[in-house]
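# Coordinate analysis (summary)
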Amino acid sequence: GTVALLVGFAMMVLQAIVIRVGGLAFGSSEYTFAMVVAVFVLCIARGSFAVSARANIGRYALVGTLWALTVAFAILYFLLETAPYWAHLLRVVFRDYDAAFYPYHLAAFVLVLLVLGPAVLLAGATLPLLFHTLRYFCSTALGWFTWLCVTVSMWRATPRPSTFTSIDHDLK
């Protein structure tokens, strides 16, 4: 539960930061907000689908995903600092065209998708991997726990010869 909480919190923080930086870089408009939210929703869905579509999931897939997510966050830490510069370069490419509004925003969407996509995709894969790991752990641990409970119940229910005399006999 803690891992899901921390990954979800990190994604919310990342989304808020990207919306703020995107507002500075691309211009504060509803298009920037919608573009960032669309990238997050798309990548979370793709990451979740990628895990759920697999028939067999490796034993250390969750650990590998969390380490890859940590590396992706470290890379994003350094990339977000230069985001306004890259957005400015993108703006310069489209400034001479009269009908450049939609191509500019499409190119900005692709740029945000390429930069944020891997990290958000890994975050989207985390929750299904947690469920898979929990299902595996509970099936084995719950199986052993159930066996132990049944064994103890059967042991307590078996009749044993009494080694003590009854209380009534001692009192007479």
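For the structure itself, look to the data block above.
The notes below deal with the structure included here. (Residues numbered from 1 in each chain as written. Predicted model: local features only at pLDDT ≥ 70, side-chain atom pairs only at ≥ 80, totals over all residues. Heavy atoms only, no water.)

### Observations regarding the overall build of the protein
Short version of the rule: Only DSSP runs of H or I with at least four residues qualify as helices, and only runs of E with at least two residues qualify as strands; both kinds are numbered from the N terminus onward. Accessible area is worked out with a 1.4 Å probe on protein chains only. A residue is then buried under 20% of its type maximum, exposed over 50%, and partly exposed in between. A 1.4 Å probe and the Shrake-Rupley method give the accessible areas. Residues count as covered only by the protein chains that appear here.
Across its full length, the protein holds six helices and zero strands. For the protein, the residues scored as buried account for 25% of the 172 residues in total. By element, 72% of the accessible surface of the protein is carried by carbon and sulfur atoms, the whole surface being about 12500 Å².

### Looking at the packing of helix α1 (residues 2-26) against helix α2 (residues 30-52)
Selection rule: In this analysis an axis means a line fitted to C-alpha atoms, helices contributing only their contacting stretch, and an angle means the value between N-to-C directions, from 0 to 180 degrees. Left-handed describes a crossing whose near helix is turned anticlockwise from the far helix through less than a right angle; right-handed describes the clockwise counterpart. In what follows, residue pairs with any heavy atoms lying within 4.5 Å of each other are defined as contacts. Just so you know the grouping, Ala, Val, Leu, Ile, Met, Phe, Trp, Tyr, Cys and Pro go in nonpolar, Asp, Glu, Lys and Arg go in charged, and all remaining residues, Gly too, go in polar.
Running from amino to carboxyl end, α1 crosses α2 at an angle of 145°, the nearest separation of the two axes being 9 Å. Here α1 and α2 pass one another in a crossing that is right-handed. Of the residues in α2, those in contact with Met11, Leu14, Gln15, Val18, Ile19, Gly22, Gly23 and Phe26 of α1 are Thr32, Phe33, Met35, Val36, Val37 and Phe40. For the contact of α1 with α2, the residue count by class is ten nonpolar, four polar and no charged.

### Here's the deal with the packing of α1 against helix α3 (residues 61-79)
Just so we agree on the cut-off: Every angle not falling under 35 degrees, over 145, or within 65 to 115 is termed oblique; those three ranges are roughly parallel, roughly antiparallel and roughly perpendicular.
Look at α1 against α3: their axes get within 13 Å of each other, and the N-to-C directions meet at 20°. Between α1 and α3, the crossing angle belongs to the class labelled roughly parallel. With respect to the hand of their crossing, α1 and α3 are arranged in left-handed fashion. Only Leu66, Leu69, Phe73 and Leu76 of α3 make contact with α1, whose side of the interface consists of Val3, Val7, Ala10, Met11 and Leu14. Classifying every residue of the contact of α1 with α3 gives nine nonpolar, no polar and no charged.

### What about the nonpolar core?
Cut-off, in case you're wondering: We define a nonpolar core as any set of buried Ala, Val, Leu, Ile, Met, Phe, Trp, Tyr and Cys residues linked to one another through side-chain atoms lying within 4.5 Å.
Counting residues in each nonpolar core, the largest one holds 26 residues, and the members touching the most others are Leu14, Phe26, Phe40 and Leu116. Of all the secondary structure elements, the ones that give two or more residues to this core are α1, α2, α3, α4 (83-94) and α5 (101-157). For this core, the leading source of residues is α5, giving seven residues. What Leu116 contacts, discounting residues up to four positions off in sequence, is Leu14, Val18, Val39, Phe40 and Leu76. Counting six residues, the second-largest nonpolar core is a separate cluster that includes Ile57, Ala125, Leu129 and Leu130.

### Considerations on a nonpolar patch on the surface
As a reminder of what qualifies: A patch consists of residues exposed above 30% relative accessible area that lack any salt bridge, with like charges linked at up to 9 Å and nonpolar side chains (Val, Leu, Ile, Met, Phe, Trp, Tyr) linked at up to 5 Å. Any carboxyl oxygen of Asp or Glu that lies within 4 Å of a side-chain nitrogen of Lys or Arg is treated as forming a salt bridge with it.
There is a patch of nonpolar side chains on the surface, built from Val71, Ile75, Leu79, Leu106, Val110, Leu114 and Val115 and spanning about 610 Å² of accessible area. Broken down by secondary-structure element, the contributors of at least two residues to the nonpolar patch are α3 and α5. One can find Leu79 in helix α3. Residue classification places Leu79 among the partly exposed residues on the basis of a relative accessible area of 37%.

### Some details on the side chain of Thr126
Mapped onto the secondary structure, Thr126 falls in helix α5. The class of Thr126 is buried, set by a relative accessible area of 1%. Sequence-distant contacts of Thr126, that is, excluding residues within four places in its chain, are made with Val3, Val7, Leu62, Thr65, Leu66 and Leu69.

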